[in-house]
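# Descriptive analysis of the structure
Residue-level listing of the chains:
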Amino acid sequence: MDPVIRPTTPFDGQRPGTSGLRKSVQTFEQPRYLENFVQSIIDCVQGIPGATLVLGGDGRYHNRTAIQTIVKMAAANGVARLVVGAGGILSTPAASCVIRKRKALGGIILSASHNPGGPDGDFGIKFNAANGGPAPEALTEAFFKRSKEIAEYRTVDAPDVDLDQIGERRLGSMVVEVIDPVADYAELTDSLFDIDAIRALFASGFRMVFDAMHAVTGPYAVEILEHRLGAPAGTAINAVPLEDFGGHHPDPNLAHAVDLVAALNGPDAPDFGAASDGDGDRNMILGRGVFVSPSDSLAVLAANATHVPAFRGGLTGVARSMPTSRAVDRVAEALGIRCYETPTGWKFFGTLLDDGRINLCGEESFGTGADHVREKDGLWAVLMWLNVLAARRLSVAELMAEHWNTYGRTYYGRHDYEAIEQAAADRLIDELRNRLPLLAGTSLAGRRVATADEFAYTDPVDGSRSERQGLRVSFEDGSRIVYRLSGTGTAGATLRVYFERYEPVGGEHGLDAPVALAELAAVAADLAGIQRHTGRTKPDVAT
Ligand code: G1P
Ligand code: ZN
């Protein structure tokens, strides 16, 4: 059969967001929709013929179908070796690990991250480059442009390849190597942490619950926590990946990780709790009766990094996305290392990590990571915490109190207004952007505005420029409000509003975050005219 299929359905011009193309399953099920995007990737990435590529996904509905499509297209396009996770499974950080370890040209990862799955849920695809990290913006823009003009794609007419048995098989001249999706990743984590100290912690009776949320990290958590680190069987809950994640949002936050939150707040609560998302790159950290905000988690890990073998020599630098709280900045200052502020999205950390400028980074959206891979890494963050707790022998609550007593406390919160009309969202942002120059020096509810600006970023390594990365209003008392529109929503626009309030050492550290932030939240809604523009009186999600 002629491997060239034409014509493709015209692509409806959907630009990949900060983490690839993410759309409803129905959209992806349209004839040739996926094929079009995959061929666009193949056409834009230099050196595909003869290359090694990695392929895997988070196991959600449509994963297996999409994987088979991509396997056949890879063969038709001259890929020499395709390394596929058994069952089509690879968590996002594991895919990053495998790309790096195999020195592959890159990898295709199928996931819609924390979005719900199933026939009525979402699906997604992204390309990661040879460094294991998300494709740079110039490349995703090229995919988008190509996908609008593409007129044909290549595939082979062959039966489905068996992807459940580990081993090598052939499809035409391409080798399909089916690998254990956990092995390479577990070998990497073994090399980073003080395994003996963590084993001793579990042996001492320390108890944890890890909620895999029926998503991809289940098999990773069982192997690493239970088999390698000696945590009791059953430490990982909801550990069997399901195509629809059991009908839940596989999003590790207080709203969605309900089983975990209940366990940590119930009678006989364990010492430590954690969860990860659909594709395994996010993490949530809990102690008994305590929630650690991701911004604080980054700061605490930075402050305690030298207890972890991978960081024994100290941190080279740290980075956080702009909306992430400035808690880590204070640690960096005390350590005398650089702290970079980057636009939202993991890809902006990639150049800094590759260049050795930083080796720890994070985002407020439950993302934490380091230089061991080029993605945020949920289970890695959990292991960092376990290593620090094993070394310090403090409870999570004690560790947090110690941190705040040393650096001050930064209360943090985020409000999301979802599926609002795009035009209304754009008007809100435009109007606020125009007002920013007038705000400095004025007072809002008794707080004086120090600076108000729109964030733009020049990558210090490759010089690339990113404009319009969010509006920020900083107050003289150390508090801050940030507004930006989501790049990952799948319906309409999502407005995110972020708040932080700084209480110095000796200040009021014992408030519940929503209480501490209520006044700032009211100021933020009023300043942007959220109700006037969107009709909404309250956010859909408050984290
Ligand atoms: C969201 C998060 C961002 C994260 C991205 C991918 O993007 O806010 O930090 O990198 O998901 O997980 P957003 O929808 O805000 O553009
Ligand atoms: Zn994710």
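The paragraphs below set out a description of the structure included in this document. (Residues numbered from 1 in each chain as written. Chains lettered and ligands numbered in written order. Predicted model: local features only at pLDDT ≥ 70, side-chain atom pairs only at ≥ 80, totals over all residues. Heavy atoms only, no water.)

### Some words on helix H11 (residues 327–335)
Buried residues of H11: Ala-327, Val-328, Arg-330, Val-331 and Ala-332, and no others. In this structure, the buried residues of H11 make contact with helix H10 (294–303), strand E15 (317–321), strand E16 (338–342), helix H14 (396–407), strand E19 (409–420) and strand E26 (493–503). Just past H11, the residue Gly-336 takes up positive phi, approximately 75°. (Buried < 20%, exposed > 50% of the residue type's maximum accessible area, 1.4 Å probe, protein only. Helix = DSSP H or I, 4+ residues; strand = E, 2+ residues; numbered from the N terminus. Contact = heavy atoms within 4.5 Å.)

### Observations regarding the pattern of salt bridges
Evaluation of the coordinates by the stated rule reveals 42 salt bridges. For Asp-58, the salt bridge identified is with Arg-60, shortest N-O distance 3.0 Å. Of the two residues examined, Asp-58 and Arg-60, each falls in the buried class. Here Asp-251 makes a salt bridge to Arg-282, at a shortest N to O gap of 3.5 Å. Of the two residues, Asp-251 is situated in the loop between strand E11 (236–237) and helix H9 (258–265) and Arg-282 in the loop between strand E12 (272–276) and strand E13 (283–287); the sequence distance between them amounts to 31 residues. The buried category is assigned to Asp-251, whose relative accessible area is 10%. Overlapping salt bridges bring together Arg-320, Arg-326, Asp-329, Glu-341, Asp-453, Arg-472, Arg-480 and Glu-500 as one network. (Salt bridge = Lys/Arg side-chain N within 4 Å of Asp/Glu carboxyl O.)

### Some words on the sheet that holds strand E5 (residues 106–110)
Here we have seven strands laid out as an open sheet, ordered E2-E6-E5-E3-E4-E9-E8, and mixed in their pairing. Bordering the open sheet on either side are strand E2 (21–24) and strand E8 (167–171), each of which pairs with just one other strand. Neighbouring strand axes in the sheet, compared pairwise and without regard to direction, differ in orientation by 20° on average. Contacts from helix H3 (residues 63–76) reach strand E3 (52–57), strand E4 (81–89), E5, strand E6 (122–129), E8 and strand E9 (174–179), with the element oriented near 170° to E4. Lying on the sheet, helix H4 (residues 92–101) is in contact with E3, E4, E5, E6 and E9; it crosses E5 at an angle near 165°. (Pairing = 2+ DSSP bridges. Axes fitted to C-alpha atoms, helices over the stretch in contact; angles between N-to-C directions.)

### What about the coordination of the zinc ion (ligand 2)?
Taken together, Ser-113 (OG), Asp-277 (OD), Asp-279 (OD) and Asp-281 (OD) make up the protein donors of the zinc ion (ligand 2), found 2.0 to 2.1 Å from the metal. Angles of 87 to 161° at the metal separate the four donor atoms of the zinc ion (ligand 2), which places the site in the irregular class. Each donor residue of the zinc ion (ligand 2) belongs to the same chain, and together they define the spacing S-x163-D-x1-D-x1-D. Here the residue Ser-113 occupies a position in the loop between E5 and E6, and Asp-281 occupies one in the loop between E12 and E13, the gap between them amounting to 168 residues. In this structure, Ser-113 and Asp-281 share a single accessibility class: buried. (Donors = N, O, S within 2.8 Å, 3.2 Å for Na, K, Ca; no water. Tetrahedral: all angles 85-135°; square planar, octahedral: opposite > 155°, others 65-115°.)

### What about the pairing of strand E25 (residues 480–485)?
E25 sits mainly inside the fold: five of its six residues count as buried. Counted along the chain from strand E24 (residues 471–475) to the antiparallel partner E25, the turn is four residues long, and its residue Gly-478 has a positive phi close to 95°. Bridge count for E25 against E26 is six bridges, and the pairing is antiparallel. Bridging across to E26, Arg-484 finds its partner in Arg-496.

### Points about the packing of aromatic side chains
Applying the stated rule across the entire model yields 12 aromatic pairs. The interplanar angle of 40° and the centroid separation of 6.3 Å between the aromatic rings of Phe-206 and Phe-272 together place this pair among those described as tilted. Of this pair, Phe-206 sits in the loop between helix H7 (195–203) and strand E10 (208–211) while Phe-272 sits in strand E12, and the two are 66 residues apart along the sequence. Here Phe-206 falls in the buried class, since its relative accessible area comes to 12%. Judged by its relative accessible area of 0%, Phe-272 is buried. Between Phe-348 and Tyr-457, the ring centres sit 6.1 Å apart and the planes meet at 90°, which makes this aromatic pair edge-to-face. Pair noted here: Phe-348 is in helix H12 (residues 347–354) and Tyr-457 is in strand E22 (residues 457–458), with a separation of 109 residues, a long-range link. Each member of the pair, Phe-348 as well as Tyr-457, is classed as buried. Within the aromatic cluster, the residues linked to one another by ring pairs are Phe-202, Phe-206, Phe-272 and Trp-385. Its end group placed over the ring of Tyr-502, Arg-330 keeps NZ or CZ at 3.6 Å from the ring centre. In this arrangement the basic side chain of Arg-409 is found over the ring face of Trp-404, its NZ or CZ atom lying 3.9 Å from the centre. (Phe/Tyr/Trp six-rings, centres within 6.5 Å; stacked < 30°, edge-to-face > 60°. Lys NZ or Arg CZ within 6 Å of the ring centre and 35° of its normal.)

Treat this as a map of the structure, not an account of what it does.
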